[in-house]
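Residue-level listing of the chains:
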Amino acid sequence: MTDRTRLFQFQPSAPAADRNPVPARWCTTPMRAPRVLLTSVFGPFAQDDEFGSRAINPSELYHNQVTRAQGPFSLRMHHRSWGIMLIQANIAAPSTVLDFPTRERFVAELASHRYDIVGISGIVVNVGKVREMCRLVRQHSPASTIVVGGHVTAIPGLDRMLDADYVVKGEGIRWLREFVGEPVDRPIVHPAIRSSFGFRVMGLRAPRGGGDPAATIIPSVGCPMGCSFCTTSSFFGGKGRFVNFFDTGQQLFDIMCDAERRLSVRTFFMMDENFLLYKRRALELLDEIRNHGKAWSMFVFSSANAIRQYEMRQLVELGVTWVWMGFESPGSSYVKLKGADTIALTRELQSHGIRVHGSTIIGMEHHTPDNLGEEVEHAVAHDADCHQFMLYTPMPGTPLHAQMDAEGRLLDDVDIADTHGQYKFNFRHPHITRDDSQRWLDWAFRRDFEVNGPSLFRMMRTMFDGWKRYRADRDVRVRTRIANDAVKLERGYGAALWAMERYLRASNEPVSARIRQLRKAIEREIGGLSGFVDSIVGPVLLWSARREAAAYPTGRPLEPQMFVERRNWRA
């Protein structure tokens, strides 16, 4: 739309001479610091509209990509736009974060305050919303400089699709610091970030974080493994590169202590694409946790081979209670899976009370109608606590997209808003049609639920296994963490089992029987109030689950609440 847009790939790890120069437009002083608005794209999301929102692609990670076939037992929650929160915490200029605004609220913000810079962050499918927001800035705040960031910047030719002054791909903190004339290499400050909000399950609002509120910690961005389909790895530099915010375990420990104090949490979601890959940092963190007697829990991402660097005892003492691990396919050749028996590893982790969140790709190059059913059954056989299924998708900016483009296999008639891995192929597969890709994906979700039951049940089963193994552990920190899990199983989680057992009795008797077996074991071995709570609260949850399923067979449409946060602000 304009030839004035400037493109930047900002990689702080590169020498200054090798990266795109950023114009120092302002010299920040107390008398004249630029005002900055940092905003996510506008809602609503869970609907079909002209700006690229899709009912099939709501802004919920779990209900969209993990538990969407689990009916009223799907895990419902939203997550903040962590990137713009991190940027705001690391600039001195007066700033506002506008997260999940409506279109009208975005316009009102532009009209009521003067902004020198408007930074808009979005993902690929929301390019239509980013384009519209650029137009609205030109209309309602024409003096503002428009900076577009986020994964949307991976789209080739984005500068010709919208009217922005700067398109910045990659890590944005140092870019914006340099742009407003602030010290670029000042240490990164980590804000206190609640991991999720708006938690619902079985048709009811649940306690914060589902009874286990967590803080999000972002140690680094990007992944050096560089899988060809990975948007995150490509966005932050590609294979062998990543942006490390915090290099030592001591730094992470201090950040976690701050979040514990400010947010009253003892569980941490480590938003790092392969947290356990950096063993030195993880073991330094373990030393700090031991020395200070912290009974913390951690949710981490890790490749199978990275997990194998550790003894199970180290993971347990570190507090790892959840691992998100890529299974991909037994026929794949990814380095992160080389020589790994992911089913055996899943069983081993679960036996130590570590919940496993698996990820499997549907429609890889070697998949055919003859072998894909077997591959899905292999994925389901993991019996992971949660399981994400995604279509093999060449996303803009990835090596896979470049390869498909060179081979002439990208489909020209696919709207970019439908390119997200949860609908249909956006390329010509050698063996599977575009329509069949959707059928295979939907069947994988249904099959996992049919065989293994609700993720809620699976997570409680793994938690109970951990309690049985470590309830009398020699480490007081481990015993304390396990005792906290026992309280959850005794005072509410069992009621959900009671409801699931009866809800599934007619439609899936084998799973219902396994749920009953777990519930009875918890009542027998943990005891306390568990049986009483189950019999009182269980019927309420069963009624609510049935009501939710009848009213919303594919899940109640939910929208994230809006957040407005100002920093260093003067009216």
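Quick note: structure is the one above.
Before going into details, it helps to say that this report is about the structure given with it. (Residues numbered from 1 in each chain as written. Predicted model: local features only at pLDDT ≥ 70, side-chain atom pairs only at ≥ 80, totals over all residues. Heavy atoms only, no water.)

### Concerning the overall build of the chain
The number of helices and strands found in the chain is 18 helices and 18 strands. Taking 25 Å as the expected radius of gyration for a compact globule of 571 residues, we find that the chain reaches 24 Å, a close match to that expectation. In terms of overall dimensions, the chain has a C-alpha envelope of 70 × 55 × 45 Å along the principal axes. With 571 residues in all, the chain has 63% of them scored as buried. If you take every contact in the chain between residues at least 6 apart in sequence, the share linking residues at least 24 apart comes to 76%. (Helix = DSSP H or I, 4+ residues; strand = E, 2+ residues; numbered from the N terminus. Rg over C-alpha atoms; globule rule 2.2 N^0.38 Å. Buried < 20%, exposed > 50% of the residue type's maximum accessible area, 1.4 Å probe, protein only. Contact = heavy atoms within 4.5 Å.)

### Concerning the environment of Met-500
Along the chain, Met-500 falls in helix H16 (residues 476-503). A C-alpha to C-alpha distance of 22 Å links Met-500 and Ile-354, two positions 146 residues apart in sequence. Residue contacts for Met-500: discarding those within four places in its chain leaves Phe-73, Pro-454, Leu-456, Phe-457, Met-460 and Ile-515.

### Examining the packing of helix H17 (residues 509-525) against helix H18 (residues 530-551)
Following both chains from N to C, one finds H17 and H18 inclined at 135°, their axes separated by 8 Å at the closest point. Considered as vectors, H17 and H18 are oriented oblique to each other. Every residue of H18 that contacts H17 at Arg-519, Ile-522 and Glu-523 is listed here: Ser-530, Gly-531 and Asp-534. Of the residues assigned to the contact of H17 with H18, the class counts are 1 nonpolar, 2 polar and 3 charged. (Axes fitted to C-alpha atoms, helices over the stretch in contact; angles between N-to-C directions. Parallel < 35°, antiparallel > 145°, perpendicular 65-115°, else oblique. Nonpolar A, V, L, I, M, F, W, Y, C, P; charged D, E, K, R; others polar.)

### Side note on the environment of Arg-547
Its location among the elements puts Arg-547 in helix H18. The exposure class assigned to Arg-547 is partly exposed, which follows from its relative accessible area of 38%. Linking Arg-547 and Ala-46, residues 501 residues apart in sequence, is a C-alpha distance of 21 Å. Apart from the residues within four sequence positions on either side, Arg-547 is in contact with Gly-203 and Leu-204.

### So, the nonpolar core
One finds Leu-176 and Phe-268 to be the most contacted residues of the largest nonpolar core, which totals 111 residues. A total of 11 residues in this core trace back to one element, the largest contributor, which is H16. Core analysis: the second largest hydrophobic core is formed by 31 residues, Val-41, Val-130, Val-137 and Val-167 among them. (Core = buried A, V, L, I, M, F, W, Y, C linked by side-chain atoms within 4.5 Å.)

### A word on the packing of aromatic side chains
All chains considered together, the criterion is met by 24 aromatic pairs. Both rings, one in Phe-425 and one in Phe-427, keep their centres 4.7 Å apart while their planes meet at 50°; by these two values the pair is tilted. You can call Phe-425 buried: its relative accessible area is 1%. Residue classification places Phe-427 among the buried residues on the basis of a relative accessible area of 2%. Geometry around Phe-45 places Lys-129 over its ring, the cationic atom sitting 4.3 Å from the centre. (Phe/Tyr/Trp six-rings, centres within 6.5 Å; stacked < 30°, edge-to-face > 60°. Lys NZ or Arg CZ within 6 Å of the ring centre and 35° of its normal.)

### Let's talk about the side chain of Thr-360
In this structure, Thr-360 sits in strand E16 (residues 355-362). Given a relative accessible area of 5%, Thr-360 falls into the buried group. Leave out the neighbours within four places in its chain, and Thr-360 touches Phe-327, Glu-328, Ala-379, His-387, Gln-388, Phe-389 and Met-390.

### A word on the sheet that holds strand E8 (residues 197-201)
Taken together, the 3 strands give an open sheet; going across it, the order is E3-E8-E9, and neighbouring strands pair in antiparallel fashion. With one partner strand each, in any of the chains shown, strand E3 (76-78) and strand E9 (204-205) form the two edges of the open sheet. Across 2 bridges, E3 lies against E8 in antiparallel orientation. Its bridge partner being in E8, His-78 is matched across the sheet by Phe-197. (Pairing = 2+ DSSP bridges.)

### Some points on the pairing of E8
With respect to burial, E8 is a largely interior element, 4 of its 5 residues being buried. As defined by bridge partners, E8 adjoins E9 across 2 bridges and the pair is classed as antiparallel. Within E9, the residue paired with Arg-200 across the bridge is Arg-205. Between E8 and E9, which follow one another and run antiparallel, lie 2 residues, and Met-202 among them has a positive phi close to 55°.

### Considering helix H14 (residues 434-452)
Spanning 19 residues, H14 covers 28 Å between terminal C-alpha atoms, matching the ideal 27 Å at 1.5 Å per step. Listing the buried residues of H14 in full gives Ser-437, Trp-440, Leu-441, Ala-444, Phe-445, Asp-448, Phe-449 and Asn-452. Down the axis of H14, the buried side of the element spans an arc of 165°, and every buried residue falls inside it. After H14 finishes, the residue Gly-453 shows a positive phi value of roughly 80°. (Expected span 1.5 Å × (residues − 1). Arc of directions from axis to C-beta.)

### With respect to the packing of helix H15 (residues 455-470) against H16
Packed helices, taken two at a time, are described by the angle their axes make and the gap between the axes. Contact geometry of H15 with H16 gives a least axis separation of 9 Å together with a crossing angle of 145°. The two elements H15 and H16 cross, and the hand of that crossing is left-handed. Of the residues in H16, those in contact with Leu-456, Phe-457, Met-460, Met-463, Phe-464, Gly-466, Trp-467 and Tyr-470 of H15 are Val-478, Arg-479, Ile-482, Asp-485, Ala-486, Leu-489, Tyr-493, Ala-496, Leu-497 and Met-500. Among the residues forming the contact of H15 with H16, the class breakdown is 15 nonpolar, 1 polar and 2 charged. (Left-handed = near helix turned anticlockwise from the far one by under 90°.)

Limitation: the analysis is restricted to geometry and does not speak to function.
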